[in-house]
Structure formats: C-alpha cells, structure tokens
Amino acid sequence: MKSVGFVGWRGMVGSVLLNRMIKENDFSNIIPHFFSTSQSGQNGPIINNTLFKDLKDAYNLNLLQEMDIIITCQGGSYTDSIYPKIRKNNWKGYWIDAASTLRMNNDSVIVLDPINLKVIQNALDSGIKTFVGSNCTVSLMLMALGGLFEQNLIEWISVSTYQAASGAGAKYVIELLKQMGAIYNIVCNDLSNNLSSILDLEKKVITQIQNNNFPLKHFSVPLAGSLIPWIDVDMGNGQSREEWKGQFETNKILGSENKIIIDGTCVRISSIRCHSQSFFIKLNKNLSKKNIEEILINHNKWVDFVPNNMEETICKLTPSAISGTLRIPVGRLRKLSMGNKYFSAFTVGDQLLWGAAEPLRRMLNLLINI
C-alpha cells in the first residue's frame, strides 16, 4: 500500500476530506501519515477508533519525501514554500493540492474526474504527478452542466455566483456569525416585546451594521444583512480573479481546443455553506427544453433536476436543502426571449464537497490503484 501524507487536515476542507474518506473506508487502502505546520509531536486525528500520535513536521522535507503521495489542504502559502523545494530535491511522488497556486502550471492537471477523467488518465500516462482541485464554483458549474460541455453545445455562459462565507475559510464564517449575533443583540428586546415598528427595527439594524464596532476584521465590510459584490483580487481590468477563473480553469479542466467563453459577476452572500449560481447560456444549436433537461440529467448521477415551479424550487434549490450532500440540483430551466438558443438555469452545490474535498479524495483513489 502507498504511504500518504496529509497536510492541512484540520481546516474546513481538510476536515470534510477526512470525513468523506472515513465514510468511504478509504483509509483501509493506504498507510496514512499526518503532518502539522504548528503542532508536530502532538496527537493527530482519530480514524476508525485509532489515534494517530506524534504528528510529523510539515516542513521537514526528509519526512515528506518518504511519502508516495502528499495531499494538502493547507493553503497557497504552504504550497509556495514546500512544493518547489521538494520537487527540486527530486521527489517523484504525487502531489494533490486544494490550493489554487499550481492550478495553471503547465505540469499540473486540475482534477474533476466525472468531467475530465480522460484528461487525468492521459496526464498520468505522460508522467504528470501534480494534481490540483478546481475553483469551487467552476467545479460546481461543470458538475451541473456537464452534459452540455461534454457534447460541445455551449457557445458562451454569463454567470452570477452567490457564494457562501465558508468559501473564504473558517475565520470568515466565525466573523459572519458574530455579525449576525451583533445584529440580533441590538433588537432582541424589541422583538420579544413587539413594541417597535418595523422601520424602527430596520433603523437600529442599519445603525449597528454601520457602527465602527461591528465585527469587520476579515471581511472588512458587513456581510450579515448585506452582500459583497467582489471576491478575490482585481485583475486590472475591472474583473476579479474569482471571475477570471470561470473561463480559464474551465477550459484547462476540459482540455479542449475550442475555448468556451465564460464571464460574469461573483458575489459573497451570507449563507454559511454552499454556493449558488445563475446561468445565462447561449448554445450553438437550437435544442428543446426537454432535450436540455435530459442531457443534464444523464451526464452524471449527482445531478438532480428540479422542475421550474415555485414550490419545488424554494424547497429543493437552496443551500439549506443540500448542505452536506453530494447532490447537484439544477432548476429554473427555461428558454429565454432572446432567441431559441438562449436559456437560463440555476444550480446550487456544497462547495466543501464537490467544490473542494471530493475531487481530491477521488484523485487519491485513482492514484492508490495505479
């Protein structure tokens, strides 16, 4: 069995990864070793009632190079520090990474095997040993619309994303909860006594949100009771890096010579978990709504089609409905008035699963079976 080193397993993505591996009994197929950037020598996780003691130093190249596979959810700064050094030392193992650092490198492959298994297999055959998880919204979009991509039916997509706080990391979720608490605390007595008008309550909430003491350490602006219409850095042309990833990562994942145009606006909203996306799509041929529906449903077993009616949409097509599941519901499917080739769709998916941990877990299983 292969020795597999885990780095960054305590964070949100790493914790979800371990939970999925335990549920799927993946640890029975590997020899796991757990590393830490700050707590080497201390106790590690408990896996299947076994405590892994003496965490290894995640900066010790000699220990890392003993691994056949390293899977890291530690973040880009760790990858920047360790990956060049370990490759320079002629380590021939496989590197699996959740961070974006290596995604666009020529010697790496972005992994999402229900979509690009052939690309992954060709990469393995050619000696590629670096595999990276995709941007979360890109993965969820490809899983939802996979059939249309597979059949080369898409001319372009305009997308609006509605991304959960957990996409930014655990400390951002904590700050959102603190913001929610600060809002509630300012009106809780009024709510209990039913003494204030709704406009008085609204004024108190807005005053609290705009207060200098409102929790703003990480987001820098209010998210609770608001939204943030910008994610990641400016690319210099008014487009954020999160928006840039939609086109460039998608086309690298697909490995297609015919580049698909994808653009839009990425927005942070105050949901805790799960990203939603609204698509405005132009196909390169006229297909019926029923035909499009069948193409989406038949592509992979995780797509759930939600009929375009109010009752089922509000019950099944929301973050609260699918959080913690691998399901990718797709709904609000309808032809648009712009023409026969235009249609809209809406999807939601757990970005900590298909958007992060699950593609890494599945890539690991591909490697341990080589």
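Quantities reported herein were computed from a predicted structural model and do not represent experimental measurements.

Caption draft 1: Main features of the overall build of the protein chain. A tally of helices and strands in the protein chain yields 12 helices and 15 strands. Here the protein chain has a C-alpha radius of gyration of 22 Å; the compact-globule value for 370 residues is 21 Å, and the two agree. By its C-alpha atoms, the protein chain is 65 × 55 × 45 Å across when sized along the principal axes. Counting only residues that meet the buried cut, the protein chain has 50% of its 370 residues in that class. Split by element, the accessible area of the protein chain, about 17,500 Å² in all, is 49% carbon and sulfur.

Caption draft 2: Structural detail: the sheet that holds strand β2 (residues 30-36). As summarised here, the arrangement of the 7 strands in space is β5-β2-β1-β6-β7-β9-β8, forming an open sheet in which the pairing is parallel. Two strands lie at the open edges of the sheet, namely β5 (56-57) and β8 (109-111), each paired on one side alone. In this structure, strand β1 (residues 2-7) lies alongside strand β6 (residues 69-72), joined through 4 bridges in parallel fashion. Of the residues in β6, the one forming a bridge with Val7 is Thr72. On the sheet, helix α3 (residues 76-88) packs against β1, β6, β7 (94-97) and β9 (130-133) and is oriented at approximately 170° with respect to β7.

Caption draft 3: Just the environment of Ala321, in detail. Following the sequence through the fold, Ala321 ends up in helix α11 (residues 319-322). Judged by relative accessible area, Ala321 falls into the partly exposed class, the value being 28%. The spacing of Ala321 and Val348 is 27 residues in sequence and 9.4 Å in space, taken between C-alpha atoms. Apart from residues lying up to four places away in sequence, Ala321 is in contact with Cys315, Lys316 and Arg327.

Caption draft 4: Up close: the packing of aromatic side chains. Summed over the entire model, instances satisfying the criterion amount to 16 aromatic pairs. Between the aromatic rings of Phe6 and Phe27, the centroid separation amounts to 5.8 Å while the plane-to-plane angle is 40°, which identifies the pairing as tilted. One end of the pair, Phe6, is in strand β1; the other, Phe27, is in the loop between α1 (12-23) and β2, with 21 residues separating them in the sequence. On the basis of relative accessible area, Phe6 is assigned to the buried category, the value being 1%. Where Tyr83 meets Trp95, the ring centres are 5.2 Å apart and the plane angle is 70°; that geometry is what we call edge-to-face. One end of the pair, Tyr83, is in helix α3; the other, Trp95, is in strand β7, and 12 residues separate them in sequence. Residue Tyr83 is classed as buried on the basis of its relative accessible area, which comes to 8%. Here the aromatic residues Phe6, Trp9, Phe27, Phe34 and Phe52 are joined through ring pairs into a cluster of three or more. The positively charged end of Lys129 is found above the aromatic ring belonging to Tyr94, 5.1 Å away from the centroid.

Caption draft 5: Just a nonpolar patch on the surface, in detail. On the surface, a cluster of nonpolar side chains totalling about 240 Å² of accessible area is made up of Leu177, Met180 and Ile272. Within the secondary structure layout, Leu177 lies in helix α6 (residues 170-193).

Caption draft 6: Up close: helix α5 (residues 136-150). Between its first and last C-alpha, α5 extends 19 Å over 15 residues, near the 21 Å set by a 1.5 Å rise per residue. Within α5, 14 of the 15 residues are buried, which leaves it mostly tucked inside the rest of the structure. Once α5 ends, the next one or two residues include Asn152, with phi positive near 55°.

Caption draft 7: Quick peek at the sheet that holds strand β10 (residues 154-163). Taken together, 6 strands build an open sheet; the order of strands is β11-β10-β12-β15-β14-β13 and the sheet is mixed. Among the strands making up the open sheet, the edge pair consists of β11 (261-268) and β13 (303-305). Each strand axis lies, on average, 20° off the axis of its neighbour in the sheet, ignoring direction. Looking at chain direction, β10 and strand β12 (residues 275-283) are connected through 8 bridges and run antiparallel.

Caption draft 8: Seen up close, the nonpolar core. Phe6, Phe131, Leu145, Leu148, Phe149, Ile157 and Leu283 are the most contacted members of the largest nonpolar core, which has 68 residues in total. Examining the composition of this core, we find that 9 residues originate from one element, α5, more than from any other.

Caption draft 9: Spatial organisation of helix α4 (residues 113-125). Here α4 contains 13 residues, and its C-alpha end-to-end distance of 15 Å is more than 12% below the 18 Å for a straight helix at 1.5 Å per residue. At Val119, α4 shows its maximal bend, which comes to roughly 35°. For α4, the complete set of buried residues consists of Asp113, Pro114, Ile115, Asn116, Ile120, Ala123 and Leu124. Gly127, located one to two residues past α4, shows a positive phi value of around 95°.

Parameters and conventions
- Residues numbered from 1 in each chain as written.
- Predicted model: local features only at pLDDT ≥ 70, side-chain atom pairs only at ≥ 80, totals over all residues.
- Heavy atoms only, no water.
- Helix = DSSP H or I, 4+ residues; strand = E, 2+ residues; numbered from the N terminus.
- Rg over C-alpha atoms; globule rule 2.2 N^0.38 Å.
- Buried < 20%, exposed > 50% of the residue type's maximum accessible area, 1.4 Å probe, protein only.
- Areas by Shrake-Rupley, 256 points an atom, 1.4 Å probe, with all protein chains shown as cover.
- Pairing = 2+ DSSP bridges.
- Contact = heavy atoms within 4.5 Å.
- Axes fitted to C-alpha atoms, helices over the stretch in contact; angles between N-to-C directions.
- Phe/Tyr/Trp six-rings, centres within 6.5 Å; stacked < 30°, edge-to-face > 60°.
- Lys NZ or Arg CZ within 6 Å of the ring centre and 35° of its normal.
- Patch = residues over 30% accessible without salt bridge, like charges linked within 9 Å, V, L, I, M, F, W, Y side chains within 5 Å.
- Salt bridge = Lys/Arg side-chain N within 4 Å of Asp/Glu carboxyl O.
- Expected span 1.5 Å × (residues − 1).
- Core = buried A, V, L, I, M, F, W, Y, C linked by side-chain atoms within 4.5 Å.
- Bend = angle between axes of the 7 residues up to and from the residue.

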